[in-house]
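What follows is each chain in one-letter form.
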Amino acid sequence: MITLTSVSTYLLQAHAGLERWTSARNMDQSGGVNLRKIRQFFLVLSTIYCVQLQAFVEVDSFAVSENAGTIGADVTLKTTNPTPPASIAAVRVDYTTVDGTAEDENGSGDYEAAAGTFQFTQFNVAQTVNVKITNDLIVEVPESFSLEATIISAPVTQQQVGAKNGTQAVAAGNVAINDDDLEFTVNLSFSGGAPVEVDIKLTCNNGNVNAPPLGSLMATKTTTGGVAKFKVINFLPGLQCTATQSAATPPPGFAAAGTTCNPGLAAGVKVCTINYQAVAANNAVPIPTLGLFSKLLLVLLMLGMAIGLRRYV
Ligand SMILES: [Ca+2]
Ligand SMILES: [Ca+2]
Ligand SMILES: [Ca+2]
């Protein structure tokens, strides 16, 4: 914090006025003893006020979606003075973004760095820092960066007081970025039979599916033996996706045995499971096949019949 109050300003002005008044009359230390005490009294009083009433900055903390575009973070100059003056001499406040798990264009590019200086001439009136959030197609966990603001100057008399305290006013707000891309996993379950190739369709009621084609609301993937992965990009709140088999009938040898999807969607990996149950090829009465011995027996029988027929003829 930095000391900065109207009351302390008035006290300092009284102190400075008395100093000028005694100086103008060329009063030395002995002759001006009473006035010197009065000056010291005002100086002590102003210091007490300065300790009690301070100015500081506040910076917003909030969360945004990755697709929010350019966002505004408010920086506000405040004071502990219960009755702040309507206007003050300009107070300079530096601001800058600082990487956290989210990184600017010099890192992984989750947002574009911003830095600058505000001039505040009023308390409790916010000024806004604009920061561009990058909307990529990468599936990520929530990340954040901070916005730091520092009071670097105050009106002359107030700055002098602040310097005596040796303090600076620094504040930081946190901006969380929630990803809007997610990976959607479809597990294929084959009971009673070996996994086969199946075309899977992912349909979402909102947003885009990036697998393939980009920008479509529907995507199909062919998978063998288990897993199809879809990347859903730029989804909006309330998005629901469902995985189904593309073909009208289940794969040969299997019957559909239900689909389960986790309800709702937020950031993160989502899963559906499509179940198949093996079935018999058909329900016809089995035709017995002849073994090698039976075939040999049949050949001998036919041979015997042929010999007998020849004798008879
Ligand atoms: Ca990232
Ligand atoms: Ca995105
Ligand atoms: Ca992303």
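The structure presented is a predicted model; accordingly, all values stated were derived computationally and were not measured.

Criteria and thresholds
Residues numbered from 1 in each chain as written. Chains lettered and ligands numbered in written order. Predicted model: local features only at pLDDT ≥ 70, side-chain atom pairs only at ≥ 80, totals over all residues. Helix = DSSP H or I, 4+ residues; strand = E, 2+ residues; numbered from the N terminus. Buried ≥ 20, exposed ≤ 12 C-beta atoms within 10 Å, placed from the backbone. Contact = placed C-beta atoms within 7 Å. Pairing = 2+ DSSP bridges. Core = buried A, V, L, I, M, F, W, Y, C linked by C-beta atoms within 7 Å. pLDDT = per-residue confidence, 0-100.

Novice: Please explain the overall build of the protein chain as it appears in this structure.
Specialist: When helices and strands are tallied, the protein chain shows four helices and 17 strands. The buried share among the 313 residues of the protein chain stands at 24%. A sequence separation of at least 24 residues applies to 73% of the contacts in the protein chain between residues at least 6 apart.

Novice: Looking at this model, I keep getting lost on the pairing of strand β17 (residues 270-278). Mind explaining?
Specialist: Regular strands place side chains that alternate from one sheet face to the opposite one. As defined by bridge partners, strand β10 (residues 182-191) adjoins β17 across eight bridges and the pair is classed as parallel. By the bridge assignment for β17, Ser-191 is matched with Gln-277. The pairing of strand β16 (residues 254-261) with β17 spans six bridges and is antiparallel. Looking at the pairing, Ala-256 lines up with Tyr-276 of β17.

Novice: When you look at unusual backbone geometry in this model, what are you seeing that I'm missing?
Specialist: Note on backbone geometry: most residues besides glycine have negative phi, and most peptide bonds are trans. Within the chain, Asn-124 stands out as a residue other than glycine whose phi angle is a positive 60°. On the neighbour-count criterion, Asn-124 (11 C-beta atoms within 10 Å) is exposed.

Novice: Could you clarify how one ought to interpret the nonpolar core in this entry?
Specialist: Note that soluble globular proteins tend to have their nonpolar side chains buried in a common cluster. Of all hydrophobic cores here, the largest spans 23 residues; its most connected members are Val-57, Val-59, Val-75, Val-93, Leu-147 and Ala-149. Listed by contribution, the elements that provide at least two residues to this core are β2 (54-59), β4 (70-79), β5 (91-98), β7 (127-132), β8 (143-151) and β9 (169-178). Considering every element that reaches this core, the biggest residue donor is β8, with four residues. In terms of nonpolar packing, the next biggest core, distinct from the first, is built from 20 residues, Val-198, Cys-204, Cys-272 and Ile-274 among them.

Novice: Would you explain the confidence of the model for the protein chain in this entry?
Specialist: Interpretation of the predicted coordinates at a detailed level should be avoided for regions scoring low in pLDDT. Confidence in the prediction of the protein chain, expressed as mean pLDDT, is 73, and 60% of residues score 70 or more. When pLDDT is averaged over each helix and strand of the protein chain, the minimum, 39, is found for helix α3 (residues 156-165) and the maximum, 98, for β7. Predicted confidence for residues 156-167 stays below pLDDT 50, and this span has 18 contacts to residues more than four positions away or in other chains. The low-confidence segment residues 211-219, where pLDDT is below 50, has 17 contacts with residues more than four positions distant or belonging to other chains.

Novice: What is the right way to read the environment of Ala-113 from this model?
Specialist: Tracing the sequence through the fold places Ala-113 in the loop between β5 and β6 (115-120). In this structure, the C-alpha to C-alpha distance between Ala-113 and Asn-130, residues 17 residues apart in sequence, is 9.6 Å. Ignoring anything within four residues of it in the chain, the contact list for Ala-113 reads Thr-97, Asp-104 and Glu-105.

Novice: I'm lost on the environment of Ala-280 in this one. Help?
Specialist: As for its placement among the helices and strands, Ala-280 is situated in the loop between β17 and α4 (292-312). With 7 C-beta atoms packed within 10 Å, Ala-280 lands in the exposed category. Along the backbone, Ala-280 and Gly-253 are 27 residues apart, and their C-alpha atoms lie at a distance of 6.8 Å.

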